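Structural features, examined
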Amino acid sequence: MAKKLDPSWKIPEHVAIIMDGNGRWAKKRGLPRNMGHRQGGKTVETICEEAYRMGIKYMTLYAFSTENWSRPEDEVSALMNLLRSYMKDCVKQAEKNKMRVKVIGDISRLDADLQESIRVLEKESEKNTGLRFQIALNYGGRDELLRAVKSLCGDVKEGKVLEAEISPELFSSYLDTAGIPDPDLLIRTSGEQRISNFLLWQLAYTEFYFPDVLWPDFSKDDLIDAIAYYNIRERRYGGVTHV
Ligand code: FPP
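Quick notes on the rules
- Residues numbered from 1 in each chain as written.
- Predicted model: local features only at pLDDT ≥ 70, side-chain atom pairs only at ≥ 80, totals over all residues.
- Heavy atoms only, no water.
- Near = heavy atom within 4 Å.
- Polar contact = N/O pair within 3.5 Å; in protein donor to acceptor, adjacent residues only side chain to side chain.
- Areas by Shrake-Rupley, 256 points an atom, 1.4 Å probe, with all protein chains shown as cover.
- 1 Å grid on protein atoms, 1.4 Å probe; cavity = no way out; pocket = protein on both sides within 12 Å on 5 of 7 lines; lining within 4 Å.
- Sits in = over half its atoms within 2 Å of the grid points.
- Helix = DSSP H or I, 4+ residues; strand = E, 2+ residues; numbered from the N terminus.
- Salt bridge = Lys/Arg side-chain N within 4 Å of Asp/Glu carboxyl O.
- Buried < 20%, exposed > 50% of the residue type's maximum accessible area, 1.4 Å probe, protein only.
- Contact = heavy atoms within 4.5 Å.
- Points joined across faces, edges and corners; volume = space filled by probe spheres on them.
- Nonpolar A, V, L, I, M, F, W, Y, C, P; charged D, E, K, R; others polar.
- Disulfide = S-S within 2.5 Å.

1. Notes on the site of the ligand
By nearness alone, 18 residues border the ligand, and Met 19, Gly 23, Arg 24, Arg 33 and Arg 71 come closest of all. Between the ligand and Asp 20 there is a distance of 3.1 Å, counted from an oxygen atom to a side-chain nitrogen or oxygen. In this structure, an oxygen atom belonging to the ligand sits 3.3 Å away from a main-chain N or O atom of Gly 21. Burial of the ligand by the surrounding chains reaches 92%, relative to a free accessible area of 630 Å². When atom positions are compared with the pocket grids, the ligand is found to occupy the largest pocket. Secondary structure elements with two or more residues in the shell around the ligand: helix 1 (22-28), helix 2 (33-54) and helix 3 (73-97). With five residues, the single largest contributor to the shell around the ligand is helix 2.

Structure representation (structure tokens):
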């Protein structure tokens, strides 16, 4: 029987996902790793649609990390090609689902045509009022923090910001995720329990959920399980809710 959301559940506003297990999914089927990434790309489409239907407002997916460049050259280039075609197809998908897409990470290291497709997708979808979808691409939490620190130092030097004004809120506005609330729930598929340099600042108070399922197999039911888990967790933000 298909699983259902319980109407009494609180729906997390922002869900971040580390999509792990594409390689193992392919290996289990005797396929090349790239087929796992391709199937993973299809899962991205379904999960974005389902998430929005469930009432999730923001989704941030880790598509390519600053460390992923060290993978074999053919895998990196297959991933880049997959992302290249995704950025193009996504323009139509974003229009259909009213999805607003933003890429976080340092895109300056990507090929010029991919950078251009990203700009087009962001521009074309910027007025959409549906799911706010962030794709982390050439993203690393430490890299993001350092870029933010450098940019903030520049503004302090130029007198645009006073040192005394630096607060967590002001610092957040220098991150790639400026204007986006911190994730309420992080899901990492495939049973691994690490955050692998993802959203280091933003995950400070996030609930973590580590299902065993491999990303290409991640389904609507798995997302419902994740929301159920989120609902049994107690979020205290360092305070005390009962004594
Ligand atoms: C980790 O699995 C997955 C990645 C490094 C890439 C994730 C990318 C996609 C799902 C492609 C499409 C993305 C978008 C936004 C369209 P792994 O290769 O480390 O798997 P393994 O641990 O089983 O080897």
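2. Digging into the pattern of salt bridges
Side chains that differ in sign of charge can pair as their charged atoms come close. All chains considered together, the criterion is met by 20 salt bridges. Between Lys 160 and Glu 158 there is a salt bridge, and its shortest N-O distance comes to 3.2 Å. The burial state of Lys 160 is the same as that of Glu 158; both residues are exposed. Residues joined by salt bridges that share partners form a network here, namely Asp 20, Arg 24, Arg 188, Glu 192 and Arg 194.

3. Side note on the side chain of Ser 117
Here Ser 117 lies in helix 4 (residues 112-125). Setting aside residues no more than four positions away along its own chain, Ser 117 makes contact with Met 87 and Lys 88.

4. Some words on empty space enclosed by the protein
Empty space among the atoms becomes apparent when a probe as large as a water molecule is rolled across them. All told, the structure shown has one cavity of 30 Å³ or more when counted by the stated rule. Put simply, the largest cavity is a space of about 30 Å³. In this structure, the largest cavity is lined by Cys 48, Glu 49, Tyr 52, Asn 97, Met 99 and Leu 131. Top element by residues in the lining of the largest cavity is helix 2. It accounts for three residues. A breakdown of the residues in the lining of the largest cavity according to their chemical character gives four nonpolar, one polar and one charged.

5. Here we look at the state of the cysteines
Using the criterion set out here, one finds zero disulfides in the structure. Cys 90 takes part in no disulfide bond, and the closest cysteine sulfur to it belongs to Cys 48, at a distance of 7.5 Å.

Any link to function would need more than the numbers given here.
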